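Observations on the three-dimensional arrangement
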Amino acid sequence: MDGPIREATPVLQSLLGGDLLEVTLRSLVVSGTATVISLVIGLPLGTWLALTGFRSRGLALSLVNTGMALPPVVVGLFVAFMLWRTGPLGGLELIYTPTAMVIAQVIIAAPIVIGLTVAALGQLDPRLRLQLLGLGASRAQMIWWLWKEARLPLLAALMAAFGSVISEVGAAMMVGGNIRHQTRVLTTSIVLEVGKGEFGAAIGLGIVLLALAFLINAVLTRAQQRGLHR
Amino acid sequence: MRDVVVVRAARPILTIESLAVAEGETLAVVGPNGVGKSTLLLTMATLVQPRSGHVLFRGAPVGPREELAYRRRIGLVLADPLLFAASVFDNVASGLRFRSVPDDEVRVRVADWLDRMGIGHLRDRPARQISSGEAQRVGLARAFVLEPDLLLLDEPFASVDAATRARLLDDLDDLLRTMPVACVLVTHDLDEAVRIGDRLAVLLDGRIRQEGAPETVLAAPVDDEVAAFVGTETRMAGQVVAGGDGLVTVAVGSHRIDAVSTLEPGCRVLCCLRPEDVTIWADPVTGSAPAQHGLAGAPASLADKGPGADPGHASSARNHLPGRITRLTPDGPLIRVTVDCGVPVIASITRESAADLQLAVGRAVIATFKATAVHLIPRAT
């Protein structure tokens, strides 16, 4: 493996001036957007599931938990089927676009946010809600304070969601198509480089991907640990 | 509250026909664990929805639309202070911020209440890193700073040690006496209830069984269960056999007990006695001194003469029941003495008296008590 590693540096240097930055930024934008949308969908839905008792709540939680383990390639297949030009939503012409990749990644990340939000709020003392309402909080104020109370596990949910989509390749490949300057991201680039036998470049891209994931998680972990001492 | 019924798992767990507290008054709701005290308080706070009935505030029912406005007139303190993961200051400020009180006013009011509760120095400390006593003070400050019209306290001292509890009780007592707030305190601790409450309500099996001035409830419980809960440990079933001029004689087994009452002969009753009202005399044969200080020497043989039979005796107690000690139970500085007089009679005496009289299990003694100490509860025939 010495050979490929030695080869990685010049390859990356050549990429830096061209695709690497673009591919890295696209990875960040696509996965970042998908994570934010997942939070917007998942946090309220998870909160509702955590705080509301209804007849089929158990079934809903089982579905969410199953969703947390969705294989990205299956999600990709489903989204590709829906967005395919002859598919039910083909008229939107979204297949092989970053938007299609965001849609697929939201389907992957949202159940993770929902499931971990339910778990995060579920571990709070249920009397905390009564105490907040007893102090005159409106329902919205109560939920905001519950989120503040559960901010550490909620940050973990954010990290898990981002981690799952920045590192997935199956869906991105299937609905994005790995088109240069359009839908190519770090993970699909790695697959491409391996396919071409360019292990050095693939390893270099892998290191960039790891560094990116590390950097973002380090920032979130720092925020989480600061919260631990409050 | 009026005609309130709270149901859980298809079973009524709280049934309150009527319960009210006036401005400036403290109502202490007391009862053993699991009788619905917390449910009662949470229902008052509209945090538990009754199956039927109403919570009324200043005469008007609190409906779903009025709940938030109503809850912003009350302050709620739970047994566990449940402080938020924020500074002490932010915890105390939380309710004011829910009410959108301007920041300047929040700073002044919170600082004032932190000082009044003696926790001003903890202002910037993380609330999760303070002691349980300090946390309970923060919980109280968090409610008092709202200047509520109604303060609801759910066993606020359950999680603190005895010394801290005593200090907190003092402080709470002072605050309640100086503020015009209506307060409902629920507790399983009778001493706490009597100490703080202007009025006492005994909650048993989800129902208010007796309500009134603390001294009335303690001295004259309405039934056997209330009597048992308020510490009337000696309860003897009997029947009134003679009466007149406000004094009756009750047959309890082979004993005759005098009691102050206007009940008619033939009435079946429960004779209730508080342990502090019973005096223990040593066996007359030994000639020992009485267990309570300040009384003259023991009669020669009260057991033989029966109740009130010795007009020359220095004690005014009319009832003298001979028996043997079956149990001695330490109770702080006191000892509870159980005497088998045919029926168990329980007395509470000091450790010094027990030592002076050389009390021991099996020792023959006489339990004496005044006719005025006997509370009669009529029983269904």
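Position numbers for residues count from 1 along each chain, tracking the sequence in the order it is written. Ligands are numbered from 1 and chains lettered from A, in the order in which they are written. Totals for whole chains, interfaces and linings use every residue, but because this is a predicted model, local features are given only for residues with pLDDT of at least 70 and side-chain atom pairs only at 80 or more, for both listing and counting.

A word on the overall build of chain B. A helix here means a DSSP run of H or I that spans at least four residues, while a strand means a run of E at least two residues long, and both kinds are numbered starting from the N terminus. Secondary structure assignment for chain B yields eleven helices and 21 strands. Along the three orthogonal principal directions, the C-alpha set of chain B runs to about 80 × 45 × 35 Å. With C-beta atoms placed from the backbone, a residue is labelled by how many other C-beta atoms lie within 10 Å of its own: buried for 20 or more, exposed for 12 or fewer, partly exposed between the two. Counting across all 381 residues of chain B, residues that qualify as buried make up 43%. A sequence separation of at least 24 residues applies to 63% of the contacts in chain B between residues at least 6 apart. The contact criterion used here is simple: two residues whose C-beta atoms, placed from the backbone, lie within 7 Å are in contact.

This part covers the overall build of chain A. A tally of regular secondary structure across chain A gives eleven helices and zero strands. Helices (α) and strands (β) of chain A occur, in sequence order from the N terminus, as α-α-α-α-α-α-α-α-α-α-α. Taken along the three principal axes of its C-alpha coordinates, chain A extends 65 × 50 × 25 Å. Considering chain A as a whole, with its 230 residues, one finds that 42% of them fall into the buried category. For chain A, restricting intrachain contacts to residue pairs at least 6 apart in sequence, the fraction spanning at least 24 positions comes to 76%.

Another point: the environment of Asp258 of chain B. Residue and element names in this part refer to chain B. Its place among the elements puts Asp258 in strand β14 (residues 255-260). Given 20 C-beta atoms within a 10 Å radius, Asp258 is considered buried. Residues Asp258 and Ala242, spaced 16 residues apart in sequence, show a C-alpha to C-alpha distance of 9.4 Å.

Take the sheet that holds strand β12 (residues 234-244) of chain B next. By definition, the strands of a sheet pair up through backbone hydrogen bonds, in either a parallel or an antiparallel sense. Residues and elements named next belong to chain B. On the basis of which strands lie adjacent, the open sheet formed by five strands has the order β14-β13-β12-β15-β21 and antiparallel pairing. Since the sheet does not close on itself, it has two edges, and those belong to β14 and β21 (375-378), each with one partner. Ignoring which end each strand starts from, the neighbouring axes of this sheet average 45° apart. Pairing geometry for β12 and strand β15 (residues 268-273), over six bridges, is antiparallel. By definition, two strands form a pair when at least two bridges between them are found by DSSP. Whenever a helix is involved, its axis is fitted only over the stretch in contact; in every case the axis is a line through C-alpha atoms, and angles between N-to-C directions fall within 0 to 180 degrees.

Residue and element names in this part refer to chain B. As paired elements, strand β18 (residues 334-340) and strand β19 (residues 344-350) share seven bridges and run antiparallel to each other. Opposite Ile335, over in β19, you have Ile349 as the bridge partner. Counted between consecutive antiparallel strands, the loop separating β18 from β19 contains three residues, among which Gly342 sits at a positive phi close to 95°.

This paragraph deals with the interface of chain B and chain A. Often, the extent of an interface is quoted as the loss of accessible area upon association of its parts. Residue-level contacts link 18 residues of chain B with 15 residues of chain A. Contributing elements (two or more residues each) for the side of chain B that touches chain A: α2 (67-71) and α3 (88-98) of chain B. It is α3 of chain B that contributes the most residues to the side of chain B that touches chain A, three residues altogether. Tallied by class, the residues present in the side of chain B that touches chain A amount to twelve nonpolar, two polar and four charged. Three residue categories are used. Nonpolar comprises Ala, Val, Leu, Ile, Met, Phe, Trp, Tyr, Cys and Pro, charged comprises Asp, Glu, Lys and Arg, and polar comprises the others, including Gly.

So, about helix α4 (residues 103-116) of chain B. Residue and element names in this part refer to chain B. Its 14 residues give α4 an end-to-end C-alpha distance of 20 Å, which sits within 8% of 20 Å, the value for a rise of 1.5 Å per residue. Along α4, the positions that sit buried rather than exposed are Val106, Val110, Trp113 and Leu114. Each buried residue of α4 lies within a common arc of 105° when the element is viewed along its axis, so the set occupies one face. Across from the buried face of α4, at angles greater than 90 degrees, the exposed residues are Asp104, Glu105 and Val108. Against the buried residues of α4 lie α3 and α5 (132-144). Immediately beyond the C-terminal end of α4, within one or two residues, lies Gly118, with a positive phi of roughly 70°. An expected span of 1.5 Å times one less than the residue number is assigned to each helix. The arc in question is the one traced by the directions running from the helix axis out to the C-beta atoms.

This part is about the environment of Pro50 of chain B. Residues and elements named next belong to chain B. Counting through the fold element by element, Pro50 comes out in the loop between α1 (37-44) and β4 (52-54). Given 20 C-beta atoms within a 10 Å radius, Pro50 is considered buried. For the pair Pro50 and Ser348, spaced 298 residues apart in sequence, the C-alpha to C-alpha distance is 42 Å. The residues contacting Pro50, other than those within four sequence positions of it, are Val4, Val5, Val6 and Thr43.

Moving on, we come to the environment of Ile203 of chain A. Looking at the secondary structure, you find Ile203 of chain A in helix α11 (residues 199-228). For Ile203 of chain A, a count of 20 C-beta atoms within 10 Å puts it in the buried group.

The next subject is the nonpolar core. Buried Ala, Val, Leu, Ile, Met, Phe, Trp, Tyr and Cys residues form a nonpolar core when they are connected through C-beta atoms within 7 Å. Residues Cys271 and Ala367 of chain B are the most contacted members of the largest nonpolar core, which totals 169 residues. Tallying contributions element by element places helix α5 (residues 98-122) of chain A first for this core, with 17 residues.

Turning to the sheet that holds β19 of chain B, a few remarks are in order. Residue and element names in this part refer to chain B. Across the sheet, five strands lie side by side as β16-β20-β17-β18-β19; this open sheet has antiparallel pairing. Strands with a single pairing partner mark the edges of an open sheet, and in this sheet they are β16 (279-282) and β19. Strand-to-strand twist across the sheet, computed as the mean angle between neighbouring axes with direction ignored, equals 45°.

For the rest of this paragraph, the subject is helix α10 (residues 186-195) of chain A. Among the residues of α10 of chain A, Leu186, Thr187, Thr188, Ser189, Ile190 and Glu193 of chain A are the ones counted as buried. Where α10 of chain A terminates, the next one or two residues include Gly197 of chain A, which has phi positive at roughly 85°.

Turning to the confidence of the model for chain A, a few remarks are in order. Each residue carries a pLDDT value, the predictor's own confidence for that position, ranging from 0 to 100. Across chain A, the average pLDDT comes to 89, with 90% of residues at 70 or higher. Within chain A, α5 of chain A carries the highest mean pLDDT (97), whereas helix α1 (residues 2-16) of chain A carries the lowest (57).

Once that is clear, we can look at the pairing of strand β2 (residues 11-18) of chain B. Residues and elements named next belong to chain B. Here strand β1 (residues 2-8) runs beside β2; their pairing, made up of six bridges, is antiparallel. Across the sheet, Arg8 pairs through a bridge with Arg11, a residue of β2. Here β1 folds back onto β2, and the loop between the two strands holds two residues, one of which, Ala9, carries a positive phi near 50°.

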